[in-house]
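Here is how the chains run, residue by residue.
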Amino acid sequence: MNKIIGLGNALVDVLVKADNDNLLDIIGLPKGSMQLIDATKFIEINEIISQMAPSVATGGSAANTIKALATLGVPVGFIGKIGKDTYGEFFGETFSRNGITPHLLLDDHLNSGVASTFITNDGERTFGTYLGAAANLTPDDISKESYKGYAILYIEGYLVQNHDLILKAVKLAKELGLKVCIDLASYNIVAQDLDFFHYLVENYVDTVFANEEESYAFTHLKDSQAALRAIAEKCEIAVVKVGAKGSCVMKDGIITQVPSRANCKVVDTTGAGDYYAAGFLYGYMHNYNLSICAQLGALLSGHVIEVVGTTLSDETWTEIKNEIKRIVK
């Protein structure tokens, strides 16, 4: 089986349930967004969270995808940067324990990144992300040795603000014959760096994953089908996820539509896109058709939204694996 390596922010998720939207207004985080925060803001938010019974798990968009793929038995690796602290130790130990080859670099000066995640009653998640060491990846941290043995590079869009890093990563990947996949990450991130996103997709990216809002931000179109077509003009495979309505995939002018997993109870949408990408890429790496790839994406995302955070139980993973066998028959 081909191997896939993820490149992303090595973060630890600290998750809390917010009873209403007022808390987000008080903290100053727009609902449903991912906002980068500085150390001062992180301390302020951390003081609030510490009184709210938080749960802790490894996080970061690409990291979530890679961890899910590893649980399905796919050979994977991950490139990221952590600090020399307990959060960094937690991240590294968790990944090694889950069978992921960690390409983790240590930062001598900054603490590990933390994503403070607020989950409202409707399941929407809002992030205040202190990147810390995670944001200190440099082009020099990416080498031919990093990609040795891998066939696919999966990048999270949250890294795109670091232009030099991303350009080094994708150029080297293409030189070495890797396929490049990117998830657009968040509508506000796309809007803030739109020209560069377009440049990347048009010149280096093979597969794009986007949700509706991200596809609208990328194309300036307010129709998911039109946005899908516009993205597909710039890459090999375009995927637009449309929430409860499922997802649409386009390749070679052909659109494939797949519904979402039936009867899901939305508890927390954290990681929904990350797990969709994991399911889709699992199918892609097994050379299944795009309809099956999208079904597998819907399967994984449909399960992760039923729990707080992105950690699924062993029983749930057993159920997922059995369902995969049924889908791919």
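On a predicted model such as this, the values are computed, not experimentally measured, just so you know.

Draft legend 1. Highlighting the overall build of the protein chain. When helices and strands are counted, the protein chain shows 13 helices and 14 strands. Radius of gyration (C-alpha) of the protein chain: 18 Å, near the 20 Å computed for a compact globule of 329 residues. C-alpha atoms of the protein chain, sized along the principal axes, occupy 50 × 45 × 40 Å. In the protein chain, which comprises 329 residues, the share counted as buried stands at 57%. Considering only residue pairs separated by 6 or more positions, the protein chain has 75% of its internal contacts joining residues 24 or more positions apart. For the protein chain, the exposed surface amounts to about 13600 Å²; the carbon and sulfur share of it is 48%. Of note, the protein chain has its 27 positive side-chain charges centred 8 Å away from the centre of its 39 negative side-chain charges.

Draft legend 2. Region of interest: the side chain of T117. Tracing the backbone shows T117 in strand β7 (residues 113–119). Residue classification places T117 among the buried positions, given a relative accessible area of 0%. A distance of 3.3 Å separates a polar side-chain atom of T117 from the backbone oxygen of A115. Those residues in contact with T117, other than ones at most four positions away along the chain, are D13, V14, L15, V16, R125, T126, F127 and T270.

Draft legend 3. Structural view of the sheet that holds strand β2 (residues 11–17). If you walk across this open sheet you meet the five strands as β3-β8-β7-β2-β4, and the pairing is mixed. Of all the strands in the sheet, the pair left with one neighbour each is β3 (34–36) and β4 (55–59). Across this sheet, the average inter-strand angle for adjacent strands is 25°, counted without regard to direction. Note that β2 and β7 share seven bridges and pair parallel.

Draft legend 4. Representation of helix α11 (residues 272–285) within the structure. Helix length check: α11, at 14 residues, gives a terminal C-alpha distance of 20 Å against a target of 20 Å (1.5 Å per residue), a fit within 8%. Within α11, twelve of the 14 residues are buried, leaving the element largely enclosed by the surrounding structure. Three or more residues of α11 are buried, namely A272, D274, Y275, Y276, A277, A278, G279, F280, L281, Y282, G283 and M285. N287 sits one or two residues past α11 and shows a positive phi near 60°.

Draft legend 5. Highlighting the packing of helix α3 (residues 61–71) against α11. Where α3 meets α11, the axes come as close as 8 Å, and the angle between the chain directions of the two elements is 45°. Here α3 is positioned oblique relative to α11, judged by the angle of their axes. Crossing geometry of α3 relative to α11 is assigned as right-handed. On α11, the residues touching S61, N64, T65, A68 and L69 of α3 are D274, Y275, A277, A278, L281 and Y282. Residues of the contact of α3 with α11, tallied by class, amount to seven nonpolar, three polar and one charged.

Draft legend 6. Fine view of helix α13 (residues 314–327). Its 14 residues place the ends of α13 20 Å apart at the C-alpha level, agreeing with the 20 Å of an ideal helix rising 1.5 Å per residue. Turning to α13, its buried residues number three or more, namely T316, W317, I320, I324 and I327. Seen end-on, α13 carries its buried residues on one side only, within an arc spanning 95°. Summarising the geometry of α13, the exposed residues directed more than 90 degrees from the buried face are D314, E315, K325 and R326. Tucked into the core, α13 has its buried residues touching α3, α11 and α12 (290–304).

Draft legend 7. Here's a closer look at empty space enclosed by the protein. As enumerated under the stated definition, the model contains one cavity of 30 Å³ or more in all. Counted as a void, the largest cavity has a volume near 40 Å³. Together, T58, N64, K67, Y275, T310 and T311 line the largest cavity. By residue class, the composition of the lining of the largest cavity is one nonpolar, four polar and one charged.

Draft legend 8. Spatial organisation of the environment of I327. In this fold, I327 is placed in helix α13. We classify I327 as buried; its relative accessible area is 13%. Separated by 31 residues in the primary sequence, I327 and L296 place their C-alpha atoms 7.8 Å from one another. Those residues within four positions of I327 in sequence are excluded, and the remaining contacts are I292, Q295, L296 and L299.

Draft legend 9. Local environment of the packing of aromatic side chains. For the structure shown, the criterion picks out eleven aromatic pairs. Ring centres 5.9 Å apart and planes at 45° place the aromatic pair F78 and F91 in the tilted group. Linking F78 in strand β5 (residues 76–83) with F91 in helix α4 (residues 86–97), this pair joins segments that are 13 residues apart in sequence. Relative to Y204, the ring of Y199 has its centre 6.0 Å away and its plane inclined at 70°; by these criteria the two rings are edge-to-face. Residue Y199 is classed as partly exposed on the basis of its relative accessible area of 37%. With a relative accessible area of 14%, Y204 lands in the buried category. Members of the aromatic cluster, connected to one another through ring pairs, are Y154, F209, Y276 and F280. Here K3 stacks its cationic end above the ring of Y150, 4.6 Å away from the centre of that ring.

Reading guide: rules and limits
Residues numbered from 1 in each chain as written. Predicted model: local features only at pLDDT ≥ 70, side-chain atom pairs only at ≥ 80, totals over all residues. Heavy atoms only, no water. Helix = DSSP H or I, 4+ residues; strand = E, 2+ residues; numbered from the N terminus. Rg over C-alpha atoms; globule rule 2.2 N^0.38 Å. Buried < 20%, exposed > 50% of the residue type's maximum accessible area, 1.4 Å probe, protein only. Contact = heavy atoms within 4.5 Å. Areas by Shrake-Rupley, 256 points an atom, 1.4 Å probe, with all protein chains shown as cover. Lys, Arg positive; Asp, Glu negative; His and termini not counted. Charge placed at Lys NZ, Arg CZ, Asp CG, Glu CD. Polar contact = N/O pair within 3.5 Å; in protein donor to acceptor, adjacent residues only side chain to side chain. Pairing = 2+ DSSP bridges. Axes fitted to C-alpha atoms, helices over the stretch in contact; angles between N-to-C directions. Expected span 1.5 Å × (residues − 1). Parallel < 35°, antiparallel > 145°, perpendicular 65-115°, else oblique. Left-handed = near helix turned anticlockwise from the far one by under 90°. Nonpolar A, V, L, I, M, F, W, Y, C, P; charged D, E, K, R; others polar. Arc of directions from axis to C-beta. 1 Å grid on protein atoms, 1.4 Å probe; cavity = no way out; pocket = protein on both sides within 12 Å on 5 of 7 lines; lining within 4 Å. Points joined across faces, edges and corners; volume = space filled by probe spheres on them. Phe/Tyr/Trp six-rings, centres within 6.5 Å; stacked < 30°, edge-to-face > 60°. Lys NZ or Arg CZ within 6 Å of the ring centre and 35° of its normal.

Structural measurements only, silent on function.
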